[in-house]
Amino acid sequence: MDEHVPIIVPEVNTDQFAAVKDQPTYKDGGYIVTNANCSSTGIVVPLKALRDAFGLEQVFVSTYQAISGAGYPGVPSLDIVGNVIPFINHEEEKMESELGKMLGTYGDGKFRYADFDVIANCARVPVVDGHTESLSLKLRDEPSLEEVASALSGFRGEPQKLKLPSAPVQPVIVRTEENRPQPIYDVFAGSPERARGMASTVGRIRKSNGYYKLWVVSHNTLRGGAGGSILNAEYAYKKNLL
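## Section: the pairing of strand S1 (residues 56–65)
Move 1: Both S1 and strand S5 (residues 131–139) contribute to a ladder of 8 bridges, which runs antiparallel. Each residue of the ladder has a partner; that of Tyr64, found in S5, is Thr132.
Move 2: Two strands pair when backbone bridges link them, and S1 and strand S4 (residues 117–124) are joined in this way by 8 bridges, in the parallel orientation. Note that in S4 the partner of Tyr64 across the bridge is Ala123.

The following block contains the structure:
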């Protein structure tokens, strides 16, 4: 959250690479770019697609986060087997601040956060890999469910335009089955083979009481971790920033 360090997801905010030029080490050839929190990464690309198409006013997110997200050795087995832990230290605060920063802008030496509200509830669940997230969204416009699905599945960002090696051809995959997405089926979504696990899978797109509701599954240690770092580096290399 440093004032000159961007949180980069290349489909979302490569323009914020401009912030590194204001870091004190940039003149000597070094700079810092960070990943987002893994739970933020999983939903920020779908949010970008919907915000660009229809405007975004409120985000209510509940996360069901895999145990691999706690690192190694992680959560003690007797705490998580057959259980749900409704607390992950600082996770909700990180999500509520990071999404506004990533979907905002950078200029004149500072970040301007996006003007929508984020309310997060985060829990750890007994799944090895793959974060599942429930979204309820207030959009500025009132698209049909078909238009929402089309905006998500049709979205392409800079990594796709540049054909970066680790970029999935389709960064957001929409499933129409009533019981998808699920980590066991969808955690490795993304093609070609080298981009497996780099796409977010969206399903159960609905509308209720003026809010749009959907579920998202993403791979927390590939897209949300090491793979995200590699994709950032690929973009920086392609743009002669290394």
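After that view, the rundown keeps rolling.
## Considering the side chain of Asn13
Move 1: Secondary-structure assignment places Asn13 in helix H1 (residues 10–13).
Move 2: A distance of 3.0 Å separates a polar side-chain atom of Asn13 from the backbone nitrogen of Val9.
Move 3: Apart from the residues lying within four places of it in its own chain, the contact partners of Asn13 are Ile7, Ile8 and Met102.

## Quick look at the packing of helix H2 (residues 38–54) against helix H5 (residues 145–153)
Move 1: One can describe the packing of H2 onto H5 by two numbers: an axis separation of 9 Å at closest approach and a directional angle of 120°. In terms of orientation, H2 lies oblique with respect to H5. Here H2 runs over H5; the crossing is right-handed. Listed contacts from H5 to Pro46, Ala49, Leu50, Ala53 and Phe54 of H2 are Glu147, Val148, Ala151 and Leu152.

How each quantity is defined
- Residues numbered from 1 in each chain as written.
- Predicted model: local features only at pLDDT ≥ 70, side-chain atom pairs only at ≥ 80, totals over all residues.
- Heavy atoms only, no water.
- Pairing = 2+ DSSP bridges.
- Helix = DSSP H or I, 4+ residues; strand = E, 2+ residues; numbered from the N terminus.
- Polar contact = N/O pair within 3.5 Å; in protein donor to acceptor, adjacent residues only side chain to side chain.
- Contact = heavy atoms within 4.5 Å.
- Axes fitted to C-alpha atoms, helices over the stretch in contact; angles between N-to-C directions.
- Parallel < 35°, antiparallel > 145°, perpendicular 65-115°, else oblique.
- Left-handed = near helix turned anticlockwise from the far one by under 90°.

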